[in-house]
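Per-entry structural report
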Amino acid sequence: KLISRDFGEDQHLEIVIAIDAGRASRQRCGSLDRLGHYANIAARFAQYAIAHDDRVGIVVFADRPLTVMPPTRGVSAVLRIRRLLAVMESASAESNPLHAAVRIARLVRHRSLIVMLTDLDDATVAGQLASAMRLLLPKHLPLVAGLASPEADRLANAESKTWLDPYQSLAAQEYSARLQRNVRGLHSLGAPALVVYPDQLERAVFAAYEGFRERRRV
């Protein structure tokens with residue numbers, strides 16, 4: 001009788017979830033502020049990745065790294081991550097993702113997936129973010145994920161009814177265009193980036209993670 005044997009290579013990835021807890025994380029986006037969305041995504045993504053026997057760590061940052069947890073696997077890692085996220089608070093300082101990238105580069109010595117949940121619409125932060133990606137690439141694979149504003153998109157396409165409406169619409173259009181420019185700039189550096197609505201962020205991050213595993217990019 002013919003016998004078939006299928007062989008597969010086990011992947012045990014190292015992942016660092018970097019969470020932007022700077023001043024902009026207090027901004028409302030849908031039903032929660034940005035930090036609330038980041039915390040929910042980080043908790044569920046960490047549990048999902050650890051279920052695949054990956055090692056997951058956390059770096060919470062503002063103008064400097066605030067909380068650092070090295071990548072760890074197992075149920076104990078999930079519980080520790082949830083405890084860290086439960087006490088996480090927004091800082092009053094502006095974010096500096098470059099300082100976070102320096103700390104991450106020291107934290108993980110092997111090629112790792114860096115999932116950075118951050119603000120992509122601030123011009124100053126975008127410049128620092130590009131520098132952070134240059135520091136992490138090509139040794140690591142960074143994925144930058146940010147939130148788009150449903151309210152801004154609504155204003156950008158709203159029908160004008162008062163004298164103020166055209167100005168609000170132009171401002172909203174510029175906001176959306178700046179987001180897309182920043183995303184394209186990160187892609188040009190070789191760093192995958194995405195900006196989606198809050199209710200789509202979890203699905204987008206999970207899909208990117210699965211795609212990286214399937215293509216052996218990490």
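Presented here is a report on the structure given in the accompanying data block. Small disclaimer: the values here were computed from a predicted structure and weren't measured. (Residues numbered from 1 in each chain as written. Predicted model: local features only at pLDDT ≥ 70, side-chain atom pairs only at ≥ 80, totals over all residues. Heavy atoms only, no water.)

Tallied over the full model, the rule gives nine salt bridges. Of the charged contacts, one joins Glu14 and Arg55 as a salt bridge, the two residues approaching to 3.4 Å between their closest N and O atoms. With Glu14 in strand β1 (residues 14-20) and Arg55 in strand β4 (residues 55-61), this pair connects stretches of sequence that are 41 residues apart. On the accessibility criterion, Glu14 (16% relative accessible area) is buried. A salt bridge links Arg23 to Glu94, with the nearest nitrogen and oxygen atoms 2.5 Å apart. Of this pair, Arg23 sits in the loop between β1 and β2 (28-29) while Glu94 sits in the loop between α2 (75-86) and α3 (97-107), and the two are 71 residues apart along the sequence. One network of salt bridges, in which partners are shared, links Arg34, Asp119 and Asp121. (Salt bridge = Lys/Arg side-chain N within 4 Å of Asp/Glu carboxyl O. Helix = DSSP H or I, 4+ residues; strand = E, 2+ residues; numbered from the N terminus. Buried < 20%, exposed > 50% of the residue type's maximum accessible area, 1.4 Å probe, protein only.)

The next thing to look at is α3. Considered for burial, the residues of α3 that qualify are Pro97, Ala100, Ala101, Ile104 and Leu107. One face of α3 carries all of its buried residues, which in axial projection span an arc of 120°. The residue sitting at the N-terminus of α3 and contributing the capping side-chain oxygen is Asn96; that oxygen lies 3.0 Å from the backbone nitrogen of Leu98. (Arc of directions from axis to C-beta. Polar contact = N/O pair within 3.5 Å; in protein donor to acceptor, adjacent residues only side chain to side chain.)

Take the sheet that holds strand β6 (residues 113-117) next. What the six strands build is an open sheet, ordered β5-β4-β1-β6-β7-β8; its pairing is mixed. Two strands lie at the open edges of the sheet, namely β5 (65-72) and β8 (193-196), each paired on one side alone. Neighbour to neighbour, the strand axes of the sheet diverge by 15° on average, direction disregarded. Where helix α6 (residues 165-189) meets the sheet, it contacts β7 (141-147) and β8, and its direction lies at approximately 160° from that of β8. (Pairing = 2+ DSSP bridges. Axes fitted to C-alpha atoms, helices over the stretch in contact; angles between N-to-C directions. Contact = heavy atoms within 4.5 Å.)

Once that is clear, we can look at the pairing of β4. On a regular strand, one side chain projects to one face of the sheet and the next to the other, so that they alternate. For β4, the tally of buried residues reaches six of seven residues, placing the bulk of the element in the interior. One ladder, built from seven bridges, connects β1 with β4; its direction is parallel. Within the sheet, the bridge partner assigned to Ile19 lies in β4 and is Val60. With five bridges joining them, β4 and β5 adopt antiparallel strand pairing. Opposite Val59, over in β5, you have Val68 as the bridge partner. Taking the residues that link successive antiparallel strands as the turn, the β4-β5 hairpin has three residues.

Okay, the nonpolar core next. Ile15, Ile17, Ile19 and Leu117 are the most contacted members of the largest nonpolar core, which totals 40 residues. Mapped by element, the contributors of at least two residues to this core are β1, α1 (34-51), β4, α2, β6, β7, β8 and α7 (198-214). Looking at which element gives the most residues to this core, the answer is α1, with ten residues. Counting residues in each nonpolar core, the second largest holds 27 residues, with Val16, Leu137, Val144 and Tyr175 among its members. (Core = buried A, V, L, I, M, F, W, Y, C linked by side-chain atoms within 4.5 Å.)

On to the environment of Pro198, then. On the secondary structure map, Pro198 appears in helix α7. Given a relative accessible area of 16%, Pro198 falls into the buried group. In the structure, Pro198 is positioned 20 residues away from Val218 in sequence and 26 Å away in space, judged by C-alpha atoms. In this view, Pro198 contacts Cys29, His37, Leu147, Ala148 and Pro150; residues no more than four positions away in its chain are not counted.

Further remarks concern the packing of aromatic side chains. Using the criterion set out here, one finds four aromatic pairs in the structure. Relative to Phe206, the ring of Tyr48 has its centre 4.7 Å away and its plane inclined at 25°; by these criteria the two rings are stacked. With Tyr48 in helix α1 and Phe206 in helix α7, this pair connects stretches of sequence that are 158 residues apart. Between Tyr48 and Tyr209, the aromatic rings sit 5.9 Å apart at their centres with planes inclined by 70°, giving edge-to-face as the arrangement. (Phe/Tyr/Trp six-rings, centres within 6.5 Å; stacked < 30°, edge-to-face > 60°.)

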